[in-house]
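Next come the chains, spelled out residue by residue.
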Amino acid sequence: MKDYYEQLNTFVEDETREQTTSYFDKYWLNKEEYIEKWLPIQNKIFDSKAKYFPDMMFNSDFQLIALRGGLIFTEEDFYLLQNCMNQTGDKYFVIVQNCSEENPHHEQPPLRFKYPANVTWDELMSGGLVSLELFQYPFKEYFVFGDTGTWGKYVANDYEKPLDIIGFKKNYSEVFKRNFEQLIEPEIITEWLPDVYKQKLRMF
């Protein structure tokens, strides 16, 4: 049995069954690969002791940018992130829902996907209901990060005022700042951010 059996049954509709099944076949991140390869990278970026936002999710050696959130990506900010991945040299990135597998607080099985760094927006959106769940529905929390371990994004959609926090190594600060500065809203984000993030951002 595929280890996405429960997820597929949750996020499939009869009219898009074939394309959703194909999407899981291509992009699902199985648990063994996640634990062996990706979780160690995740723990280099994100603080493994942190649970959910507003905990400080990033390790101390990452600089941060905060953006208004609500979705994992819009088409615009996905392509901005892809520009950054071209500079960092990532070959793949993953989206991993932050929740307990045994007792997910949204009462749906957790989602984990792996994509090539050069994937298109249309391809991300080609999975039927599961693509809508990931990229159109404004709830749940996710880790997003690439295989180089030089950046990560925490998607805090469940926070009272949803935020995206992008963290990156200091040597890539100009790359991320250049791509995302157009989306930064200093006054709004300063009001929304928890104090622990305000202190971190003042250091940037």
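Attention in this report is confined to the structure presented alongside it. For clarity, every value in this text was computed on a predicted model and none was experimentally measured.

Thoughts on the layout of surface pockets
There is about 450 Å³ of room inside the largest pocket. Listing elements by their share of the lining of the largest pocket, those giving two or more residues are helix H3 (31-45) and strand E2 (92-97). Looking at the lining of the largest pocket element by element, the count peaks at six residues for H3. The residue makeup of the lining of the largest pocket, split by class, is eleven nonpolar, six polar and six charged.

Focus on the pattern of salt bridges
One pass over the structure, following the stated rule, counts ten salt bridges. A salt bridge links Arg 68 to Glu 185; the nearest nitrogen and oxygen atoms lie 2.9 Å apart. Here Arg 68, found in strand E1 (residues 63-68), pairs with Glu 185, found in the loop between helix H7 (173-180) and helix H8 (186-192); they are 117 residues apart in sequence, far enough to count as distant. A relative accessible area of 26% places Glu 185 in the partly exposed class.

Comments concerning H7
Since one α-helical turn is 3.6 residues long, residues separated by three or four positions face the same way. Among the residues making up H7, those that are buried are Ser 173, Val 175, Phe 176, Asn 179 and Phe 180. Along the axis of H7, the buried positions cluster into a sector of 165°, meaning they face one direction only. Facing away from the buried side of H7 by over 90 degrees, the exposed positions are Glu 174 and Arg 178. Residues of H7 that are buried in the fold lie against E1, helix H4 (75-88), strand E5 (151-156) and strand E6 (163-168).

Digging into the pairing of E2
The element E2 is extensively covered by neighbouring structure, given that five of its six residues are classed as buried. With five bridges connecting them, E2 and strand E3 (residues 112-116) associate as antiparallel partners. Across the sheet, Phe 93 pairs through a bridge with Tyr 115, a residue of E3. As judged from the five bridges shared by E2 and strand E4 (residues 141-146), these two strands associate in the antiparallel manner. Along E4, the bridge assignment pairs Gln 97 with Tyr 142.

Quick notes on H4
Taking 1.5 Å per residue, 14 residues should reach 20 Å; H4 reaches 20 Å between its end C-alpha atoms and fits that length. Among all positions in H4, only Asp 77, Phe 78, Leu 80, Leu 81, Gln 82, Cys 84, Met 85 and Thr 88 are buried. Turning to H4, the residues buried within the fold contact E2, helix H5 (121-124), E5 and H7. Two residues or fewer after H4 comes Gly 89, characterised by a positive phi angle close to 85°.

Criteria and thresholds
- Residues numbered from 1 in each chain as written.
- Predicted model: local features only at pLDDT ≥ 70, side-chain atom pairs only at ≥ 80, totals over all residues.
- Heavy atoms only, no water.
- 1 Å grid on protein atoms, 1.4 Å probe; cavity = no way out; pocket = protein on both sides within 12 Å on 5 of 7 lines; lining within 4 Å.
- Points joined across faces, edges and corners; volume = space filled by probe spheres on them.
- Helix = DSSP H or I, 4+ residues; strand = E, 2+ residues; numbered from the N terminus.
- Nonpolar A, V, L, I, M, F, W, Y, C, P; charged D, E, K, R; others polar.
- Salt bridge = Lys/Arg side-chain N within 4 Å of Asp/Glu carboxyl O.
- Buried < 20%, exposed > 50% of the residue type's maximum accessible area, 1.4 Å probe, protein only.
- Arc of directions from axis to C-beta.
- Contact = heavy atoms within 4.5 Å.
- Pairing = 2+ DSSP bridges.
- Expected span 1.5 Å × (residues − 1).

Everything listed here is a matter of coordinates, which is why it stays silent on function.
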